[in-house]
Amino acid sequence: MTVTLEVSDNVGTIRLDRPPMNALDVATQDRLRELAEEATRRDDVRAVILYGGEKVFAAGADIKEMQAMDHAAMVVRSRALQESFTAVARIPKPVVAAVTGYALGGGCELALCADFRIAGDNAKLGQPEILLGLIPGAGGTQRLSRLVGPSRAKDLIFTGRQVKAAEALAIGLVDRVVPAAEVYEQAHAWAARLARGPALALRAAKESVDAGLETDIDTGLTVERNWFAGLFATEDRERGMRSFVEEGPGKAEFL
């Protein structure tokens, strides 16, 4: 398999495994979608890590495979491509990308689907599609601009240049830079911490933020209000408030 899902301590690791560069061919894209949907369904998965291994996250699409496609073929395939990445972005649980080495093109776009990005000090990210006479097709023009702002996104997309970890951190493309050997460990610690949290409240928080970014503030506030009120019907809310009153803040244990 080019992509696997391994679960330990309620943390699911979606691991790319297509040596040498984890090129995202059609089969890998489809497998990503399958495993994102599986991670969404599974109750024993409460947080997710996206990981490409110690040397490389994903260096982009399989260019030789794409070169053989004509316009008609890509009209069909481009929708499936986007749907695969959207399935990752819509996992209703905390998702962290553990980025080592290259995260280019589709690899960068996959990292953009996470809620949080931890990069190794050897990471290089970018959207080099313009150098092929193309534009990003797996969400890069949309997710990158929402994350770092339109001007910075256009700089990366127009030039196709790669940014090293320090610059990626400075522009908000990644959230933390650590030694490359510590990337997965740090990502797992982040995911494991959230896996112990209230699952439904975390889902509500993620959906409220993501939905709010796609709409006007009044609609976003309605989404937030409905989730906020709805959480008062949950056991986690009862457990959290009872613990706060009886033991003080931050001591609640959620099932």
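Residues numbered from 1 in each chain as written. Predicted model: local features only at pLDDT ≥ 70, side-chain atom pairs only at ≥ 80, totals over all residues. Heavy atoms only, no water.

Asker: Quick question: what am I supposed to make of the packing of aromatic side chains here?
Answerer: Working definition: an aromatic ring pair is given by the centre-to-centre distance plus the angle between the planes. Evaluation of the coordinates by the stated rule reveals three aromatic pairs. Residues Phe116 and Trp190 carry aromatic rings whose centres are separated by 5.1 Å and whose planes lie at 5 degrees to one another, so their mutual orientation is stacked. Of the two residues, Phe116 is situated in strand β6 (residues 116–120) and Trp190 in helix α8 (residues 183–195); the sequence distance between them amounts to 74 residues. Residue Trp190 is classed as buried on the basis of its relative accessible area of 19%. (Phe/Tyr/Trp six-rings, centres within 6.5 Å; stacked < 30°, edge-to-face > 60°. Helix = DSSP H or I, 4+ residues; strand = E, 2+ residues; numbered from the N terminus. Buried < 20%, exposed > 50% of the residue type's maximum accessible area, 1.4 Å probe, protein only.)

Asker: Teacher, can you tell me more about the pairing of strand β1 (residues 3–8) here?
Answerer: Every other side chain in a regular strand lies on the same face of the sheet, so the side chains alternate between the two faces. Pairing of β1 with strand β2 (residues 11–16) involves six bridges; the strand directions are antiparallel. Of the residues in β2, the one forming a bridge with Val7 is Gly12. Linking β1 to β2, which pair antiparallel, is a turn of two residues; within it Asp9 sits at a positive phi near 55 degrees. (Pairing = 2+ DSSP bridges.)

Asker: What am I meant to see in unusual backbone geometry here?
Answerer: One can expect most non-glycine residues to show negative phi and most peptide bonds to be in trans. With omega at 5 degrees, the peptide bond leading from Pro19 into Pro20 counts as cis. Examined against the element boundaries, Pro20 turns out to sit in the loop between β2 and α1 (26–41). Phi angles above zero are rare outside glycine, and Asp9 is one such case at about 55 degrees. Looking at Asp9, the relative accessible area reads 62%, which means it is exposed. A positive phi is found at Asn10, a non-glycine position, where the angle reads about 70 degrees. Overall, Asn10 belongs to the partly exposed group, its relative accessible area being 32%.

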